[in-house]
Amino acid sequence: MRALFVSRESTWRPGLGAVLGILLLATVIAYAPVLVYGYPANGWDSRYHAVTARLFSDQLWSGDLYPRWLMAMNSGLGSPHFFYYSPLGYYIASAFDWFGAPTAIPQLGVAAVLLGLMSGLTCYLWLARLMPNYAAISGAVFYLASPFHVFLDLLTRADYAEFAAITFAPIVLLGIELLRERKHVGIPLMSLGFAAVVLTHVVVGLLFAGVPLVYAVARFRFLPGWLRNTFLVFLAIVIGLGIASFYLSPALAYRPDVVMPVRQMAAEMFVFGGPAQPRLILFVRLLFVGYLAVLVVMAGAWWHTYRGRPDGNLVMTCLCLALLTLGLTTIWARPLWLMLPILWTLQFSYRLFIIVDLCMAALVGWFISAMASRLPAARIVSLALFAILATAASAAAFALRFGVFEYDSQLWRERVRYTNDYGLFRPLAVRTALPADRLPLYGGGVFGPDIPLPPRTRLMEGDASVLILDWRPRRIVLQIEAQTPGRLAVGQLYVPGWQATDLSSGRTLPVLPSPGEGLLTIPFDAGLHRLAVLLIPRPPEREGAAISLLSMTLLVALTVGFGFAHADFPRGLWPQRWLGVWSRWKSP
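Residues numbered from 1 in each chain as written. Predicted model: local features only at pLDDT ≥ 70, side-chain atom pairs only at ≥ 80, totals over all residues. Heavy atoms only, no water.

## A closer look at empty space enclosed by the protein
- Summed over the entire model, instances satisfying the criterion amount to 5 cavities of 30 Å³ or more.
- In this structure, the largest cavity encloses a volume near 100 Å³.
- Trp126, Leu173, Val211, Val214, Tyr215, Thr317, Cys318, Leu321, Ile355, Leu358 and Cys359 are the residues that line the largest cavity.
- Looking at the lining of the largest cavity, the elements that each hand over two or more residues are helix 14 (211-220), helix 18 (313-328) and helix 20 (353-371).
- Within the lining of the largest cavity, the residues separate by chemical class into 10 nonpolar, 1 polar and no charged.
- By volume, the second largest cavity is sized at about 80 Å³.
- Along its surface, the second largest cavity is lined by Pro80, Phe83, Tyr84, Tyr254, Asp257, Arg474, Val495, Pro496, Leu535, Ile536, Arg538 and Glu541.
- Taken together, the residues that form the lining of the second largest cavity break down as 8 nonpolar, no polar and 4 charged. (1 Å grid on protein atoms, 1.4 Å probe; cavity = no way out; pocket = protein on both sides within 12 Å on 5 of 7 lines; lining within 4 Å. Points joined across faces, edges and corners; volume = space filled by probe spheres on them. Helix = DSSP H or I, 4+ residues; strand = E, 2+ residues; numbered from the N terminus. Nonpolar A, V, L, I, M, F, W, Y, C, P; charged D, E, K, R; others polar.)

So this is what it looks like as structure tokens:
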């Protein structure tokens, strides 16, 4: 049985062109403000993501293939930002670097619209394994245009990385469906899809990690070998974590070196909690009530139509998971959060709406499929798409009134100049305010006199002249002509791993943080010296890379082994045999 919810009467089956056209039209409507005004310049996290994307893109295109250390952050003092923050979304944004804007707002806007369209496509590919095409397209449009996805994540909070991660979650569930059909391609889809979620936003990866296992149990429990298949899903998720280890290993190992944004969940971070952000919390509450009302209607439809039937198992699973997740977002669930400190990394309970949106997409498709047995499918789909897109358009109009697209050129000029990290992942050695911390870069207003940018080098003791020979991320080469011994401060923030070597003598010099500022300080003797100051890869970086390589090897072996154990694996090497896998991807 390839379709879980099959209409008894409808014969309307939109083709691939119609599906892509509907998704494209839905994207244009739902993301119209971004297409017109660009990425929201006045959103909650706009300043953070725009500046970060600009610096990441600059280093990437200058030859730094993985810009872990952002050299120009903090007014040029550097930051270990991408040792800790997931990088994949910024690689995607960097593909549009040809816009050349200093703030990266245009390239973030293009990347966001593309990711929104892709989220609908990945959701459709998943749902098309469960239900007729017309029902799958309805659920996919809901997923790409949901109020949480568009209004809250993109337009209001402007959390680019979290928004991007939502695109990859359905790929994991698609892999489970293909595994259920004994298609070997399902295993790499699960692993690579989950790795993509983690590499785009690690917090989303944390809250999503249990969903594939719950989904797998629901889908396999009535089939022979359900325990083996569920274990395969678990193994694929673990391999996905292993693939992401080149990022995860140092991110976890280096946590004690910096200030991490983890604190106890305050009441205002829950639905019906405190009114710290009155307009935002009002929308979250309306979203909660709206989702709850829809879920109640879905539950009534399930009771009337599929109660007691094995093919209603997935419907019930989605209903229960969505209702449970909604309950965890409320203030009444706070005692549970306080008992589990690992949940504090989510920061906001309403991030759980990511899971609710996945469940709602499947439930919308199921509801459309059920209704199509009583009404013409084209009519019911048209009404559903109109309702979904009208909601998205209303949310976008509200965002325009919110002022999220207001652009203050003076403010952005200062943000780009001082590139403040706002204390995120700031090295513990920094104990005083940095230059950008003294400016009102969070919002508009009257600016005071410019604060001089910190120099690249500064003599703290002694008499010497310093010449910069090379200044690249994680590699600085200096020539010091010293008349007396002394100490030099290099304009980069200290984290463990910085190492200085006198290339003239081969001697390793101690590198310590300066008091308060946390800059690299290096002693030198009288004479002519050439110093190489390097942020060397420590064992967690090398071990993480090795684990990623090993995990990819294991994934290939597991995929090949599973494929040869089932009839769908092409044993020839002719291109047409491999293309045959794609021809069987969506069987009628």
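Picking up after the structure, the text goes on.
## Some remarks on the pairing of strand 2 (residues 464-472)
- Sheet topology note: the strand 2/strand 3 (residues 475-482) ladder contains 8 bridges and is antiparallel. What sits directly across from Ala464, in strand 3, is Ala482.
- Taken together, strand 2 and the strand that follows it, strand 3, pair antiparallel across an intervening segment of 2 residues, in which Arg474 is found at a positive phi of about 70°. (Pairing = 2+ DSSP bridges.)

## Observations concerning the confidence of the model for the protein
- Counting all residues, the mean pLDDT for the protein is 85, and 87% of those residues have values of 70 or more.
- Confidence drops under a pLDDT of 50 for residues 1-10, and excluding neighbours within four residues, the segment shows 34 contacts in the predicted structure.
- Low pLDDT, under 50, characterises residues 569-588; the predicted model gives this stretch 33 contacts beyond four residues in sequence or across chains. (pLDDT = per-residue confidence, 0-100. Contact = heavy atoms within 4.5 Å.)

## Describing the sheet that holds strand 5 (residues 498-502)
- Strand order across the open sheet formed by 5 strands is 2-3-9-5-6, with antiparallel pairing between neighbours. The open sheet has two free edges, formed respectively by strand 2 and strand 6 (507-509), since each of these has just one partner strand. Neighbour-to-neighbour, the strand axes of the sheet open up by a mean angle of 25°, direction not taken into account. (Axes fitted to C-alpha atoms, helices over the stretch in contact; angles between N-to-C directions.)

## Quick word on the sheet that holds strand 7 (residues 512-513)
- If you walk across this open sheet you meet the 4 strands as 1-4-8-7, and the pairing is antiparallel. Whereas interior strands pair on both sides, the edge strands pair on one side only; in this sheet they are strand 1 (457-461) and strand 7.
- Examined bridge by bridge, strand 4 (residues 486-493) and strand 8 (residues 519-524) share 6 bridges and lie antiparallel to one another. Looking across to strand 8, one finds that Arg487 is bridged to Pro523.

## A look at the environment of Leu174
- On the secondary structure map, Leu174 appears in helix 11 (residues 169-180).
- Among the residues examined, Leu174 registers a relative accessible area of 3% and is labelled buried.
- Separated by 47 residues in sequence, Leu174 and Leu127 have C-alpha atoms that sit 7.8 Å apart. (Buried < 20%, exposed > 50% of the residue type's maximum accessible area, 1.4 Å probe, protein only.)

## Concerning a nonpolar patch on the surface
- Residues Leu24, Val28, Leu35, Val36, Tyr37 and Leu400 make up a contiguous nonpolar surface patch of about 580 Å² in total accessible area.
- At the level of elements, helix 1 (16-30) and helix 2 (32-37) are the ones that each hand at least two residues to the nonpolar patch.
- For the nonpolar patch, the element with the most residues is helix 2, which contributes 3 residues.
- Note that Val36 resides in helix 2.
- What makes Val36 exposed here is its relative accessible area of 62%. (Patch = residues over 30% accessible without salt bridge, like charges linked within 9 Å, V, L, I, M, F, W, Y side chains within 5 Å. Areas by Shrake-Rupley, 256 points an atom, 1.4 Å probe, with all protein chains shown as cover. Salt bridge = Lys/Arg side-chain N within 4 Å of Asp/Glu carboxyl O.)

## Side note on the packing of aromatic side chains
- Applying the stated rule across the entire model yields 29 aromatic pairs.
- A centroid spacing of 6.3 Å and a plane angle of 5° characterise the contact between Tyr407 and Trp412, whose relative ring orientation is stacked.
- Each member of the aromatic cluster is reached from another via a ring pair, and the members are Tyr39, Tyr48, Phe56, Phe82, Tyr84, Tyr85, Tyr90, Tyr91, Tyr160 and Phe425.
- In this structure, Arg47 packs its charged tip against the face of Tyr422, placed 4.9 Å from the ring centre. (Phe/Tyr/Trp six-rings, centres within 6.5 Å; stacked < 30°, edge-to-face > 60°. Lys NZ or Arg CZ within 6 Å of the ring centre and 35° of its normal.)

## Section: the packing of helix 8 (residues 133-145) against helix 21 (residues 377-402)
- Orientation of helix 8 relative to helix 21, taken along the N-to-C sense of each, is 0°, at an axis distance of 10 Å. On the basis of their axis angle, the class for helix 8 and helix 21 is roughly parallel. Between helix 8 and helix 21, the contacting residues are Tyr134, Ile137, Ser138, Val141, Phe142 and Ala145 on the first element and Ala377, Val381, Leu385, Ile388, Leu389 and Ala392 on the second.
- Of the residues assigned to the contact of helix 8 with helix 21, the class counts are 11 nonpolar, 1 polar and no charged. (Parallel < 35°, antiparallel > 145°, perpendicular 65-115°, else oblique.)

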